[in-house]
Amino acid sequence: MSFINFAAREINCKIVYYGAGLGGKTTNLQYVFDKTNDKSKGKMISLATETDRTLFFDFLPLDLGTVRGFKTRFHLYTVPGQVFYDASRKLILRGVDGVVFVADSQEERMDANVEALENLHNNLKEHGYDFAKIPYVLQLNKELSRKGEPVMEAVAFQGTGVFETLKEVARQVLVELKKG
């Protein structure tokens, strides 16, 4: 659900990186942040707790073109990796325009991937979103494909596939914006 700032002539879109703990969500955002021109980005904000180093909330706006004369600004967020932090995950999903599910490629992490994907479905449904219609990209594991969505292979710490994933989900969000 994009926010339109008429005074600034901007459409603000929210993309959330979702997935299991230590799967590469924050690494994706960190790579995008590091490689983005300083004039095109805002600040990266991370929050952590004393009990869990993977509880991050990352924010990064990017300018990526116009829709009907309005600049589009993308705000990128990650959710905490552990389903234990479900309340935070739900809060971060509020107002989402597109989702990137970052799957951990290690075979022993498949159960955690499936649990996180089911958690995503449940949280989207609770907010009234239809998973079949929301702009969505699966980064990595074809075994987790749910709706014929684009599947992007990536190695986040190397930057492989990171921008391709972001461009695809942003493209889908822009298609939805132009419809409405």
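Everything numeric in this text was worked out from a predicted model, so none of it was measured.

## Here's the deal with the overall build of the protein
Reasoning step 1: Helix and strand counts for the protein come out as four helices and seven strands.
Reasoning step 2: Beginning at the N terminus, the succession of helices and strands in the protein can be written as β-β-α-β-β-α-β-α-β-β-α.
Reasoning step 3: Taken against the 2.2 N^0.38 rule, which gives 16 Å for 180 residues, the C-alpha radius of gyration of the protein at 15 Å falls within 12% of a compact globule.
Reasoning step 4: A principal-axis box enclosing the C-alpha atoms of the protein has dimensions of 50 × 35 × 30 Å.
Reasoning step 5: Burial statistics for the protein: of 180 residues in total, 48% are counted as buried.
Reasoning step 6: Summarising the internal contacts of the protein: among those between residues at least 6 apart in sequence, 64% fall at separations of at least 24.
Reasoning step 7: Surface summary for the protein: the accessible area is close to 9400 Å², and the carbon and sulfur share equals 53%.
Reasoning step 8: If you average the places of the 24 positive and of the 23 negative side-chain charges in the protein, the two averages end up 9 Å apart.

## A word on the packing of aromatic side chains
Reasoning step 1: As enumerated under the stated definition, the model contains three aromatic pairs in all.
Reasoning step 2: Measuring from centroid to centroid gives 6.0 Å for Tyr-31 and Phe-163, while their planes differ by 65°, and the two rings are edge-to-face. With Tyr-31 in helix H1 (residues 25–35) and Phe-163 in helix H4 (residues 162–179), this residue pair connects regions lying 132 residues apart in the sequence.
Reasoning step 3: Taking relative accessible area as the criterion, Phe-163 reaches 24% and is therefore assigned partly exposed.
Reasoning step 4: Taking the ring centre of Phe-70 as reference, the NZ or CZ of Arg-9 above it sits at 4.2 Å.

## Points about unusual backbone geometry
Reasoning step 1: You will see that Arg-9, though not glycine, has its phi angle at about 55°, which is positive.
Reasoning step 2: With respect to the element layout, Arg-9 can be found in the loop between strand S1 (3–5) and strand S2 (10–19).

## Concerning the environment of Leu-177
Reasoning step 1: Position of Leu-177 relative to the elements: it lies in helix H4.
Reasoning step 2: Residue Leu-177 is classed as buried on the basis of its relative accessible area of 16%.
Reasoning step 3: Not counting chain neighbours up to four residues away, the residues in contact with Leu-177 comprise Ser-2, Ile-11, Cys-13, Val-67, Arg-68 and Thr-72.

## Thoughts on H4
In an α-helix there are 3.6 residues to a turn, and that puts residues three or four apart on one side.
Reasoning step 1: The end-to-end C-alpha separation of H4 is 26 Å, in line with the 26 Å expected for 18 residues at 1.5 Å each.
Reasoning step 2: For H4, every residue scored as buried is listed here: Val-162, Thr-165, Leu-166, Glu-168, Val-169, Ala-170, Gln-172, Val-173, Leu-174 and Leu-177.

## Description of the pairing of strand S6 (residues 136–139)
Reasoning step 1: Residues Tyr-136 and Leu-138 line one face of S6 and the alternating positions Val-137 and Gln-139 line the opposite face, and both faces are buried.
Reasoning step 2: In this structure, strand S5 (residues 98–102) lies alongside S6, joined through four bridges in parallel fashion. Residue pairing in the sheet places Val-99 in a bridge with Tyr-136 of S6.
Reasoning step 3: Where the polypeptide runs from S5 across helix H3 (residues 110–126) and back to S6, its parallel neighbour, the crossover connection is right-handed.
Reasoning step 4: Here S6 pairs with strand S7 (residues 151–152) via two bridges, running parallel. Bridge pairing in S7 links Leu-138 to Val-151.

## Some thoughts on the pairing of S5
Reasoning step 1: Among the five residues that make up S5, five are buried, leaving the element largely enclosed by the rest of the structure.
Reasoning step 2: Residues Gly-98, Val-100 and Val-102 of S5 are buried on one face, and the alternating residues Val-99 and Phe-101, pointing to the opposite face, are buried as well.

## Quick notes on the side chain of Asn-119
Reasoning step 1: Following the sequence through the fold, Asn-119 ends up in helix H3.
Reasoning step 2: A polar side-chain atom of Asn-119 sits 2.4 Å from a polar atom in the side chain of Tyr-18.
Reasoning step 3: Only 2.6 Å separates the side chain of Asn-119 from the side chain of Arg-89, close enough to count as a polar contact.
Reasoning step 4: Each residue touching Asn-119, except ones within four places of it in the same chain, is listed here: Tyr-18, Val-83, Asp-86 and Arg-89.

## A look at the environment of Thr-26
Reasoning step 1: Checked against the element boundaries, Thr-26 lands in helix H1.
Reasoning step 2: Overall, the relative accessible area of 25% leaves Thr-26 in the partly exposed class.
Reasoning step 3: On a C-alpha basis, the gap between Thr-26 and Arg-146 in space is 23 Å, while along the polypeptide they are 120 residues apart.

Definitions and cut-offs
- Residues numbered from 1 in each chain as written.
- Predicted model: local features only at pLDDT ≥ 70, side-chain atom pairs only at ≥ 80, totals over all residues.
- Heavy atoms only, no water.
- Helix = DSSP H or I, 4+ residues; strand = E, 2+ residues; numbered from the N terminus.
- Rg over C-alpha atoms; globule rule 2.2 N^0.38 Å.
- Buried < 20%, exposed > 50% of the residue type's maximum accessible area, 1.4 Å probe, protein only.
- Contact = heavy atoms within 4.5 Å.
- Areas by Shrake-Rupley, 256 points an atom, 1.4 Å probe, with all protein chains shown as cover.
- Lys, Arg positive; Asp, Glu negative; His and termini not counted.
- Charge placed at Lys NZ, Arg CZ, Asp CG, Glu CD.
- Phe/Tyr/Trp six-rings, centres within 6.5 Å; stacked < 30°, edge-to-face > 60°.
- Lys NZ or Arg CZ within 6 Å of the ring centre and 35° of its normal.
- Expected span 1.5 Å × (residues − 1).
- Pairing = 2+ DSSP bridges.
- Right-handed = clockwise from strand over helix to strand, strands pointing away.
- Polar contact = N/O pair within 3.5 Å; in protein donor to acceptor, adjacent residues only side chain to side chain.

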